[in-house]
Amino acid sequence: MSVRHFLSLTDFSPQELVALIRRGIELKDLRNKGVLLEPLKNRVLGMIFEKASTRTRLSFEAGMIQLGGQAIFLSPRDTQLGRGEPISDTAIVMSRMLDAVMIRTYAHSTLTDFAAHSTVPVINGLSDDLHPCQLLADMQTFREARGNIAGKTVAWIGDGNNMCNTYLEAAVQFDFQLNIACPEGYEPKAEFLALAGDRARIIRDPLEAVRGAHLVSTDVWASMGQEEEMAIRQKAFAPYQVTRELLDAADPSVIFLHCLPAHRGEEISHDLLDDPRSLAWDQAENRLHAQKALLELLVEHAHRV
Ligand code: CP
Ligand code: NVA
């Protein structure tokens, strides 16, 4: 069996994803009880960050340390990648020294190119297309709060960005209905819409999109790399702010999630993260637990094959 990567939610079966979420919940419980579990002793994760990060870096680094291993942070500025060493050569060399590699990058092809030459697991820590690690945390948070998400309705409000694309994959893998409210011209990528098929609908009106929703989520209006479009985006997205009143129109059991960082006064109202329906802080914490489950699975698997 060849090495497994996690570049997209579709790299794992629905059953594997549910098992992963369950394991994340278990690992959280063990940590809360003070139980030490170090299955990755002496294992090393390399982390390449071409974009900024708070949560992803911390959760992977803390997660590796808690599992008994170590993580090494690499910025392209300080490595030969920044001076033009090919991705393929970098992948070969890193594979010889490390047990897994996490990459946060722009073009998704950087991840697939790296993975094609890597003999150790490669994890997508966010690309312009997808952010699958975030969805593991989101799905763990929903399960903890409300149980199984299968058959439920999720509303995505705002930009059809990397998070929205990943929600489209999640709709298929976790079996829920996704309503997307986005302005014209800011739809998710066609390939992810096609993959979701009748699991997803584009509904322009946020009020209509949240009707009956059990989970509402949004994200920044300008993602990393789109900073210069901010002014034009602020105009286009103004009717798409998520507020307490918008949540009132959803199912009474609705929870709100935001991958963070949040821009209060833009995609969310100033008070939304203080609303009891917002579980964004649990969601942020769950990055740690869900990714520990992912690291355990990928690195242990790699050492069995
Ligand atoms: N949600 C998320 O990925 O946060 P960071 O950009 O801080 O890693
Ligand atoms: N869509 C955002 C997510 C940040 C975690 C971005 O790509 O910047």
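Just so we're clear, the structure is a prediction, and the values are computed from it rather than from any experiment. (Residues numbered from 1 in each chain as written. Chains lettered and ligands numbered in written order. Predicted model: local features only at pLDDT ≥ 70, side-chain atom pairs only at ≥ 80, totals over all residues. Heavy atoms only, no water.)

**Describing the packing of helix H5 (residues 132-146) against helix H6 (residues 162-173)**
Part 1: In the contact formed by H5 and H6, the axes pass within 9 Å of each other and the chain directions differ by 60 degrees. Between H5 and H6, the angle falls in the class oblique. Here the hand of the crossing between H5 and H6 comes out right-handed. In contact with Pro 132, Gln 134, Leu 135, Asp 138 and Met 139 of H5, H6 contributes Met 163, Thr 166, Tyr 167 and Ala 170.
Part 2: Partitioned by chemical class, the residues of the contact of H5 with H6 number six nonpolar, two polar and one charged. (Axes fitted to C-alpha atoms, helices over the stretch in contact; angles between N-to-C directions. Helix = DSSP H or I, 4+ residues; strand = E, 2+ residues; numbered from the N terminus. Parallel < 35°, antiparallel > 145°, perpendicular 65-115°, else oblique. Left-handed = near helix turned anticlockwise from the far one by under 90°. Contact = heavy atoms within 4.5 Å. Nonpolar A, V, L, I, M, F, W, Y, C, P; charged D, E, K, R; others polar.)

**As for the sheet that holds strand E3 (residues 100-104)**
Part 1: Spatially, four strands are ordered E2-E1-E3-E4 in an open sheet, and the strand pairing comes out parallel. Each edge of the sheet is formed by a strand with only one pairing partner; in this case those strands are strand E2 (70-74) and strand E4 (122-124). If you compare each strand with its neighbour and ignore which way they point, the axes differ by 20 degrees on average.
Part 2: One ladder, built from five bridges, connects strand E1 (residues 44-49) with E2; its direction is parallel. (Pairing = 2+ DSSP bridges.)

**With respect to unusual backbone geometry**
Part 1: Residue Pro 261 is bonded to the preceding Leu 260 through a cis peptide linkage, with omega at 5 degrees.
Part 2: Its place among the elements puts Pro 261 in the loop between strand E9 (255-258) and helix H11 (280-304).
Part 3: Positive phi, close to 70 degrees, is recorded for Asn 42, a residue that is not glycine.
Part 4: The class of Asn 42 is exposed, set by a relative accessible area of 68%. (Buried < 20%, exposed > 50% of the residue type's maximum accessible area, 1.4 Å probe, protein only.)

**Overview of the sheet that holds strand E6 (residues 177-181)**
Each strand in a sheet pairs with another by means of backbone hydrogen bonds, the pair being arranged parallel or else antiparallel.
Part 1: In spatial order, the strands read E7-E6-E5-E8-E9; together these five strands make up an open sheet with parallel pairing. Each of the sheet's edge strands pairs with one partner strand only, and the pair in question is strand E7 (200-202) and E9. Here the strands of the sheet are splayed against their neighbours by 20 degrees on average, with no regard to which way each runs.
Part 2: In the sheet, strand E5 (residues 153-157) pairs with strand E8 (residues 215-218) via four bridges, with the strands oriented parallel. Across the sheet, Trp 156 pairs through a bridge with Ser 217, a residue of E8.
Part 3: With respect to the sheet, H5 is in contact with E8 and E9, its orientation differing from that of E9 by roughly 160 degrees.
Part 4: Here H6 sits on the sheet and contacts E5, E6, E7, E8 and E9; the angle it forms with E6, its principal contact strand, is near 160 degrees.

**Regarding the site of ligand 1**
Part 1: Lining the immediate surroundings of ligand 1 are Ser 53, Thr 54, Arg 55, Thr 56, Arg 104, His 131, Gln 134, Cys 259, Leu 260 and Arg 287.
Part 2: Separating a nitrogen atom of ligand 1 from a backbone N or O atom of Leu 260 is a distance of 2.9 Å.
Part 3: Arg 287 has a polar side-chain atom sitting 3.0 Å from an oxygen atom of ligand 1.
Part 4: Notes on ligand 1: free accessible area 250 Å², of which the protein chains cover 95%.
Part 5: The residue inventory of the shell around ligand 1, partitioned by class, reads two nonpolar, five polar and three charged. (Near = heavy atom within 4 Å. Polar contact = N/O pair within 3.5 Å; in protein donor to acceptor, adjacent residues only side chain to side chain. Areas by Shrake-Rupley, 256 points an atom, 1.4 Å probe, with all protein chains shown as cover.)

**Looking at the packing of aromatic side chains**
Part 1: The final tally for this structure, using the stated rule, is seven aromatic pairs.
Part 2: With a centroid separation of 5.5 Å and an interplanar angle of 25 degrees, the aromatic rings of Phe 49 and Phe 73 are classed as stacked. Of the two residues, Phe 49 sits in strand E1 while Phe 73 sits in strand E2, which places them 24 residues apart along the sequence.
Part 3: Looking at Phe 73, the relative accessible area reads 34%, which means it is partly exposed.
Part 4: Through pairs of rings, three or more aromatic residues link up here, namely Tyr 186, Trp 221, Phe 237 and Tyr 240.
Part 5: The lysine or arginine in question, Arg 57, covers the ring of Phe 73, its NZ or CZ lying 3.8 Å from the ring centre. (Phe/Tyr/Trp six-rings, centres within 6.5 Å; stacked < 30°, edge-to-face > 60°. Lys NZ or Arg CZ within 6 Å of the ring centre and 35° of its normal.)

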